[in-house]
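Coordinate analysis (summary)
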Amino acid sequence: MPMPMAMASSTPTSLSVVGTSLAFPRHHLHPPAASSTRFRTRLRNNRLFLSSPPRTRHKAVCGGLNLRRNKPRGHAFVVGEPSFLVPQQRSCASCCLAKKRRSNLATFVPGAFLDKSGFRLCNDKLRRSSVKPVQIPHATVGPDEPHAASTTWPDGIAEKQDLSVYDSELERIEGFLGSELPSHPKLHRGQLKNGLRYLILPNKVPPKRFEAHLEVHAGSIDEEEDEQGIAHMIEHVAFLGSKKREKLLGTGARSNAYTDFHHTVFHIHAPTTTKDSDGDLLPFVLDALNEIAFHPKFLASRIEKERRAILSELQMMNTIEYRVDCQLLQHLHSENKLSKRFPIGLEEQIKKWDADKIRKFHERWYFPANATLYIVGDIDNITKTVCQIEAVFGQTGVDNEKGSVATPSAFGAMASFLVPKLSVGLGGNSIERSANAMDQSKIFNKERQAVRPPVQHNWSLPGSGVDLKPPQIFQHELLQNFSINMFCKIPVNKVQSYKDLRKVLMKRIFLSALHFRINTRYKSSNPPFTSVELDHSDSGREGCTVTTLTITAEPKNWHNAIRVAVQEVRRLKEFGVTQGELTRYLDALLKDSEHLAAMIDNVSSVDNLDFIMESDALGHKVMDQRQGHESLLAVAGTVTLEEVNSVGAKVLEFIADFGKPTAPLPAAIVACVPKKVHIEGAGETEFKISSTEITDAIKAGLAEPIQPEPELEVPKELIQSSKLEELKKLRKPTFIPVNPEIDATKLHDEETGITRRRLSNGIPVNYKISKTETQSGVMRLIVGGGRAAESSESRGSVIVGVRTLSEGGRVGNFSREQVELFCVNHLINCSLESTEEFISMEFRFTLRDNGMRAAFQLLHMVLEHSVWVDDAFDRARQLYLSYYRSIPKSLERSTAHKLMVAMLDGDERFIEPTPKSLENLTLQSVKNAVMNQFVGDNMEVCIVGDFTEEDIESCILDYLGTAQATRNHERDQEFNPPVFRPSPSDLQLQEVFLKDTDERACAYIAGPAPNRWGFTVDGKDLLESINNASKINDDQSKSDAQESQDGLQKNLRGHPLFFGITMGLLSEIINSRLFTTVRDSLGLTYDVSFELNLFDRLKLGWYVISVTSTPSKVHKAVDACKNVLRGLHSNKITERELDRAKRTLLMRHEAEIKSNAYWLGLLAHLQAASVPRKDISCIKDLIFLYEAATIEDIYLAYEQLKVDENSLYSCIGIAGAQAAQDIAAPLEEEVADDVYPGVIPVGRGLSTMTRPTT
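Rules used throughout
Residues numbered from 1 in each chain as written. Predicted model: local features only at pLDDT ≥ 70, side-chain atom pairs only at ≥ 80, totals over all residues. Heavy atoms only, no water. Helix = DSSP H or I, 4+ residues; strand = E, 2+ residues; numbered from the N terminus. Buried < 20%, exposed > 50% of the residue type's maximum accessible area, 1.4 Å probe, protein only. Contact = heavy atoms within 4.5 Å. Areas by Shrake-Rupley, 256 points an atom, 1.4 Å probe, with all protein chains shown as cover. Pairing = 2+ DSSP bridges. Axes fitted to C-alpha atoms, helices over the stretch in contact; angles between N-to-C directions. Parallel < 35°, antiparallel > 145°, perpendicular 65-115°, else oblique. Left-handed = near helix turned anticlockwise from the far one by under 90°. Nonpolar A, V, L, I, M, F, W, Y, C, P; charged D, E, K, R; others polar. Phe/Tyr/Trp six-rings, centres within 6.5 Å; stacked < 30°, edge-to-face > 60°. Lys NZ or Arg CZ within 6 Å of the ring centre and 35° of its normal. pLDDT = per-residue confidence, 0-100. Core = buried A, V, L, I, M, F, W, Y, C linked by side-chain atoms within 4.5 Å. Lys, Arg positive; Asp, Glu negative; His and termini not counted. Salt bridge = Lys/Arg side-chain N within 4 Å of Asp/Glu carboxyl O. Expected span 1.5 Å × (residues − 1).

Let us look at the overall build of the protein chain. Assigned secondary structure in the protein chain consists of 39 helices and 31 strands. Relative to its full complement of 1254 residues, the protein chain shows a buried share of 68%. The contacts in the protein chain between residues at least 6 apart in sequence include a share of 87% that link residues at least 24 apart. Of the roughly 41,300 Å² that the protein chain leaves accessible, carbon and sulfur atoms contribute 50%.

Written out as structure tokens, the structure is:
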């Protein structure tokens, strides 16, 4: 079994996230950006609350595709990890130049050895899902005036109660538990006279920026039978048709929109001020939102343009994962409209609507009283903000016959000062308002619905077997694995009191125990399941709480998988958690809550806003992090073992008591299965299964004998003090000079706060003391080599080896269970990753209770005493074998696979290992491939956190300094550098066909690029060439201004990061052009992106354009993409384009600079001998380098991209009923006849997210 941290991954093919409801795609304007982060951090929330996390929806325009492969899922059991009642911080590890998608990182889920290895290939954007912290609502306030929700939290909760009236301790406790939870002290609420509600929350992360989101309480659930998809259509037309929104594009603002079942949201992230404005930017942002939502122009040209985009989006997202989620929703909510109103809509209806039809839906639902405005950010003057809201929105919806330009009296005395540059009144186009005065008046008189979404649910109540709906079966040729979902649906329990919070805490403890038990019990080479997940979560979008047991397995093992999962659920329900489990998980949850409270000033504005919005939908009380922790402490002391087991048992009754009259009836049971499976010796065979067989398998699990859970001994430390002292005497760890040219053993940079050290065993260490994330730290071990170090005889050895280490999870004499519990107790998150260039281990830890020392102990044990076991190797190899053989079932993966095989001349180090290569591996060969890279001077450790210099250097000496410098294995043989296929080649333009019931198309276009430091695959040093060329011009006479500009250019062109900086800016510019041309102007796609993959060690890189389309348009889309890529000479880059690219990248840098994980990425390779050009200036000069870049510099970078016909590779993938051939063709011949079922993520919410509008 993989180590416990397997549950922390959010990659599409890793263990699926929990706490999510059946997340149908909200429809977005912009496709979500992929991350090109070199070492991505994927942590899951370890919070208490059970609400369904909202999905990611922000992206810089036209972000690129990361060609890192999705890794296979491991065998694991995952339970719902509800979020706490407070918003959580998210951060993302990022290398200094990487483009980054906002990632949803909460604090850590304790555990060890998550494998995050990936391939730099198709990112399969359609399956992307983001896990957000789950949330809870706010305090109710008066409708007319804003004010802070009740504020002061008392020093002691008991003192808050008048306990003298109680006759007994029990009555006092009951009285306390019945009292209300405190409300967020800084949250301001109000309501305008036209009914518009608003919420304002001051928040300084990131500084000098704010979020403004306008939520219209109308979504796909409000559509009539002939309007399916019209809410999403309005979102597109209103948002992209807004001229006032377009005027914000040059200010550094980012905007987007999305549609879901229950609402449509338009959002803008912007700086508080800009140098081009005479004051606050907020009034301009509010004016744009007002125009978008309440004064759109439904122009025929815009409607047609967005109709094409939406139809393209519909085909793009119609993956098999999307179709599975459709099936789950249809059966879970078969009794109401949620099963029939998916936000994307129906193609045949989308094609027919005219402007009048669209306008009528808008008039019916878009009115101020049916909307809520959220403003969260660096806002100090609440009164001024309220005036600005009133000035912009106050007249909207009011019967107003005034002229086209609003007078100051319409907005208050501050109007002309607040918006001096607006040529039209803040209320929008008054001519349009006058023409629709009667309709506006009618709209204003309407009221928002009290219950959202407005549907009736059939709750899961006890009933007879006659009432039980038989399991439903969805069978499809593109499915690889067997999966089954058992659903239980109940009303949302609004968390308003301490009693409510206590119940949530008890559920969380109970489900944590279930996760640990199944995740550690099954360690055979072939466990019966691939994954088992128990999710118990509230869903604001569905208006219910859903408990879901999801089991996935290879088809041949489906019966045993159900039996085992049901048996374990029943064991916990019958015997409950042990006293040791209660103590352990309660303590871990309190530590995590304490850590979150300490991070109160580091939660981003968007996370706070999403938290509040979801809370509104669920009816929970909103607290800040400190209040949440204090409330949790208050109820923790009242929790008893008996009550935990009683509350938890009720959650599991629908499974553990299945078939009994007293058990809640499942809301639905849905199995998703393949049509054919591969049988050894028999080939492809039809897969047969019936509802009766599924029911019998569930009952067989219930009949299995069960025993109580034994208590486990948890180690307090992994290295005893006496043993550590012996090691220190033996190996005498010391610091040595950082490099041979400088005698200093310590280099500290005052400007950045970075300290560099080197140990006597050769391990270099970089650390930074940072107070921005209180009492927390991150550490990363980077080992040079990665998959590129694999020899021709051992392809796949590194990636399988890293997975083997993860699957085993043992160190020294400690079992996997003991290591996991050690991590649970110390709140340590450890993950492993292998890439083409590196192996890395990342640790997140708290500084409380010796958490940093515990993390260093774990790292030391991995370096010195890792345990390699056969069963873990067998599982790892089987996972990659299954993953490889699943490629032909995915249009995106097979298309990307074929392209990368062609471009990199079949180099298997950049694709999944083939079955033949996997068969040749042994436990010893993968162990050697990994551990031979763990040599002192080939490793680098970076640490960032809220520690002291004394503590960090003590840990470094004690645990890193005592590691061996070398190993007893020979280093790998000669290194074979990767090369591109010689051109021209007949493989430069290829196609892939996939037989499918529905039509889809995608394409990838790729070509060579240099690496981040200017080295090319043919041995050229481009940085040196540029410097030599610059010297030629030095003697020419120039003006002072020219000399000053040339001096800046010379500094940039002589800087090691010249290509990293200029390539990043170039990528932004190309992305913007691709969107405006291929998507917006030509209407050939919904989603197109450009991304650069620039290596650090390897002397090469490549770019990739990914585009989705329809089969009839995909060839034109590819041609259009090529024209944009090659058209930068004929259509010159403008200063405005460059300025926008600079602002985008600098804003990302500014937003992330306080994140420990971001600094971890900046520190990477600072002392790596294999990345000689990385030095401290690459961190110190970042802002200057971006600002100094000129258009001429961008063209110097552009010239290094190979975009000619002989260098460019493309592959088009087409799916449909008339596909010309089977998709197995792209795989190597030796395995083309041996296609095994692969691993595919299924479950509530992995694929059904819709894309952002822009």
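This next bit is on the sheet that holds strand β31 (residues 1209-1216). Strands sit in the order β27-β31-β28-β30-β29 across an open sheet of five strands; the sheet is mixed. Either end of the sheet is taken by a strand with one partner, and the two such strands are β27 (989-995) and β29 (1088-1094). Within the sheet, the average angular offset between the axes of one strand and its neighbour, ignoring direction, is 15 degrees. Pairing geometry for β29 and strand β30 (residues 1101-1109), over seven bridges, is antiparallel. By the bridge assignment, S1089 is partnered in β30 with S1106. Helix-sheet contacts for helix α27 (residues 891-903) involve β27, β28 (1000-1009), β30 and β31, and the interaxial angle to β28 is about 25 degrees. Packed on one face of the sheet, helix α33 (residues 1058-1081) meets β29 and β30 and runs near 165 degrees to β29.

With that out of the way, let us pick up the pairing of strand β16 (residues 544-553). Look at any regular strand and the pattern is simple: side chains alternate between the two faces of the sheet. Burial within β16 is extensive, with ten of its ten residues counted as buried. The two faces of β16 match: C544, V546, T548, T550 and T552 on one face and T545, T547, L549, I551 and A553 on the other face are all buried. Relative to β16, strand β14 (residues 482-490) is paired through nine bridges, and the arrangement is antiparallel. Considered in β16, the bridge of K489 is made with V546.

Contact geometry of helix α3 (residues 230-240) with helix α6 (residues 300-316) gives a least axis separation of 9 Å together with a crossing angle of 130 degrees. One way to sum up the angle between α3 and α6 is to call them oblique. Every pair of crossing elements has a handedness; the one defined by α3 and α6 is right-handed. From α3, H232, M233, H236, V237 and L240 reach across to α6, where they touch R302, I303, E306, R307, I310 and E313. Considered class by class, the residues forming the contact of α3 with α6 number five nonpolar, two polar and four charged.

Another point: the packing of aromatic side chains. Within this structure, the stated rule accounts for ten aromatic pairs. Between F910 and W1102 the ring centres are 5.7 Å apart and the planes differ by 75 degrees, which places this aromatic pair in the edge-to-face class. Residue F910 is located in the loop between α27 and α28 (915-920), and its partner W1102 is located in strand β30; the two are separated by 192 residues in the primary sequence. Counting every residue linked through ring pairs, the aromatic cluster contains F910, F1095 and W1102. In this structure, K768 packs its charged tip against the face of W1159, placed 4.4 Å from the ring centre. Above the ring of F1015, the side-chain terminus of K1099 is found at 5.0 Å from the ring centroid.

Next up on the list: the confidence of the model for the protein chain. Note: predicted coordinates in regions of low pLDDT should not be interpreted at a detailed level. Chain-level statistics for the protein chain give a pLDDT mean of 81 and a share of 77% at 70 or above. For residues 1-26, every residue scores under 50 in pLDDT, and the model assigns this stretch 172 contacts once sequence neighbours within four places are set aside. The model gives residues 400-445 a pLDDT under 50, and that stretch makes 73 contacts with residues more than four places away or in other chains.

Further remarks concern the nonpolar core. L1065, L1074, F1090 and L1201 are the most contacted members of the largest nonpolar core, which has 72 residues in total. The greatest single-element share of this core, amounting to ten residues, is contributed by α33. Here L1201 is in contact with P1008, A1009, M1063, L1066, F1090, L1092 and Y1103, once residues within four sequence places are set aside. Within the second largest apolar cluster, 65 residues are counted, among which are V495, L534, W558 and I655.

All right, on to the side chain of D500 then. Mapped onto the elements of the fold, D500 is located in helix α15 (residues 498-521). Although D500 is buried, it makes no salt bridge; K499 carries the closest opposite charge, 7.1 Å away. Each residue touching D500, except ones within four places of it in the same chain, is listed here: N493, K494 and V495.

Here we come to the pattern of salt bridges. Overall, the coordinates contain 61 salt bridges when judged by the stated rule. One salt bridge in this structure joins R1079 and E306, with 3.6 Å as the shortest N-O distance. Of this pair, R1079 sits in helix α33 while E306 is found in helix α6, placing the two residues 773 residues apart along the sequence. For the pair shown, R1079 and E306 are each scored as buried. Residue E1068 is joined to R1148 by a salt bridge in which the shortest nitrogen-to-oxygen separation is 3.0 Å. One end of the pair, E1068, is in helix α33; the other, R1148, is in helix α35 (residues 1135-1152), and 80 residues separate them in sequence. Of the residues examined, R1148 reaches a relative accessible area of 16% and is grouped as buried. Because the salt bridges share partners, they merge into one network encompassing R302, E306, R1079 and D1080.

The next subject is the packing of helix α23 (residues 797-808) against helix α26 (residues 870-885). Interaxial distance between α23 and α26 falls to 8 Å at its minimum, and their mutual angle equals 130 degrees. As summarised for this structure, α23 and α26 are arranged oblique, according to the angle between their axes. The interaxial crossing formed by α23 with α26 has right-handed handedness. Here I799, V800, R803, T804, E807 and G808 of α23 lie close against α26, whose contacting residues are A872, F873, R875, A876, R877, L879 and Y880. Here the contact of α23 with α26 is composed, by residue class, of seven nonpolar, two polar and four charged.

Let us look at α6. With 17 residues, α6 should reach 24 Å at 1.5 Å per residue; the first-to-last C-alpha distance of 24 Å fits that figure. Buried residues of α6: R302, I303, E306, R307, A309, I310, L311, S312, E313, L314, Q315 and M316, and no others.

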